[in-house]
Amino acid sequence: AQSVTQLGSHVSVSEGALVLLRCNYSSSVPPYLFWYVQYPNQGLQLLLKYTSAATLVKGINGFEAEFKKSETSFHLTKPSAHMSDAAEYFCAVRDNFNKFYFGSGTKLNVKP
Amino acid sequence: EAGVVQSPRYKIIEKKQPVAFWCNPISGHNTLYWYLQNLGQGPELLIRYENEEAVDDSQLPKDRFSAERLKGVDSTLKIQPAELGDSAVYLCASSLDSVGELFFGEGSRLTVL
């Protein structure tokens, strides 16, 4: 079974600062990788996905993620945080059996 | 286009009572998922349907949980009897097919007293 590790259950940044949310996965075979965002009392929404077309993936709301095979990482970044980015972010992996595995999530707090 | 619809959004029951959750996936989506999300954790798969067939129910506690997807569209997840530890958010998701991205509903938050 796959495992997904998100370092840091809580990340706090100032508005306008760089956002970096870390995700590492366990598979040696590049899987399909996703980042989802969850606002309070809502379901998860897809931010972006990696499907082997390009290692740098751009998503909605200015977020992007870079797939690094050597590091088995798929970290999420945004150059400048906005107050509306405050939410919980989940990294997910889909394996070759089409099963999704989610990380435990990182709550992003944006300070004014 | 309507998204994944779940009801009820919130449910409070006493332990040992039954509870049911309903999910209407996006039209045309063949694959439907039920996930369990505990506080501070990521979603964990309970069951996955391909049309009417449950293709992965290995994580569904079958002694008290049951699910069905009649006619390959709507789905119901039932817990009977509920236990205190079942308090969580139950998320429904759908995808166009087994390799598509997931679209989630807003979830059903269960509190068992």
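Higher on the page you've got the structure.
The shown structure was predicted, so the numbers you read here are calculated from the model rather than taken from an experiment. (Residues numbered from 1 in each chain as written. Chains lettered and ligands numbered in written order. Predicted model: local features only at pLDDT ≥ 70, side-chain atom pairs only at ≥ 80, totals over all residues. Heavy atoms only, no water.)

**Focus on the overall build of chain B**
So, step 1. Across its full length, chain B carries 0 helices and 11 strands.
So, step 2. Helices and strands appear in chain B in the N-to-C order β-β-β-β-β-β-β-β-β-β-β.
So, step 3. Its C-alpha atoms give chain B principal-axis dimensions of roughly 35 × 25 × 25 Å.
So, step 4. Out of the 113 residues belonging to chain B, those deemed buried represent 45%.
So, step 5. Considering only contacts within chain B whose residues lie at least 6 apart along the sequence, 53% involve residues at least 24 apart.
So, step 6. As displayed, chain B has an accessible area near 5,600 Å², and 50% of this comes from carbon and sulfur atoms. (Helix = DSSP H or I, 4+ residues; strand = E, 2+ residues; numbered from the N terminus. Buried < 20%, exposed > 50% of the residue type's maximum accessible area, 1.4 Å probe, protein only. Contact = heavy atoms within 4.5 Å. Areas by Shrake-Rupley, 256 points an atom, 1.4 Å probe, with all protein chains shown as cover.)

**With respect to the nonpolar core**
So, step 1. By size, the foremost hydrophobic cluster in this structure holds 28 residues, and its most contacted members are Trp-35, Leu-47, Leu-48, Phe-74, Leu-76 and Tyr-89 of chain A.
So, step 2. The set of elements that each furnish at least two residues to this core consists of strand S2 (10–14), strand S3 (19–21), strand S5 (32–38), strand S6 (44–50), strand S8 (64–68), strand S9 (73–78), strand S10 (87–94) and strand S12 (106–111) of chain A.
So, step 3. Considering every element that reaches this core, the biggest residue donor is S10 of chain A, with 4 residues.
So, step 4. Apart from residues lying up to four places away in sequence, Leu-48 of chain A is in contact with Leu-33, Phe-34, Trp-35, Val-57, Lys-58, Gly-59, Phe-63, Glu-64, Ala-65, Phe-74 and Leu-76 of chain A.
So, step 5. Counting 22 residues, the second-largest nonpolar core is a separate cluster that includes Trp-34, Ile-47, Leu-77 and Leu-110 of chain B. (Core = buried A, V, L, I, M, F, W, Y, C linked by side-chain atoms within 4.5 Å.)

**A few points about the pairing of S5 of chain A**
Residues and elements named next belong to chain A.
So, step 1. With 6 of 7 residues buried, S5 lies mostly within the body of the structure.
So, step 2. Relative to S6, S5 runs antiparallel, the two sharing 6 bridges. Among the inter-strand pairings, Trp-35 is bridged to a residue of S6, identified as Leu-48.
So, step 3. Taking the residues that link successive antiparallel strands as the turn, the S5-S6 hairpin has 5 residues, and the phi of Asn-41 there is positive, at about 60°. (Pairing = 2+ DSSP bridges.)

**Details of the interface of chain B and chain A**
So, step 1. Listed as interface residues are 24 residues of chain B and, on the opposing side, 18 residues of chain A.
So, step 2. Taken together, the links from chain B to chain A amount to 2 salt bridges.
So, step 3. Across the pair Lys-99 of chain A and Asp-56 of chain B runs a salt bridge whose closest N-O atoms are separated by 3.5 Å.
So, step 4. Linking chain B to chain A there are 6 residue pairs in polar contact (both at pLDDT 80 or more).
So, step 5. Of all the elements in the fold, those that place two or more residues in the side of chain B that touches chain A are strand S4 (31–37) and strand S5 (44–50) of chain B.
So, step 6. Of the residues forming the side of chain B that touches chain A, the biggest block, 3 residues, is contributed by S4 of chain B. (Salt bridge = Lys/Arg side-chain N within 4 Å of Asp/Glu carboxyl O. Polar contact = N/O pair within 3.5 Å; in protein donor to acceptor, adjacent residues only side chain to side chain.)

**So, the state of the cysteines**
So, step 1. For the structure shown, the criterion picks out 2 disulfides over all chains.
So, step 2. The disulfide that involves Cys-23 of chain A links it to Cys-91 of chain A, with 1.9 Å between the sulfurs. Note on the Cys-23 of chain A and Cys-91 of chain A pair: the S-S dihedral is about -65°, so by sign convention the disulfide is left-handed. Placement of the pair is Cys-23 of chain A in the loop between S3 and strand S4 (24–25) and Cys-91 of chain A in strand S10, with a sequence separation of 68 residues.
So, step 3. On the accessibility criterion, Cys-91 of chain A (0% relative accessible area) is buried.
So, step 4. Note on cysteine connectivity: Cys-23 of chain B is disulfide-linked to Cys-92 of chain B, with sulfurs 1.9 Å apart. (Disulfide = S-S within 2.5 Å.)

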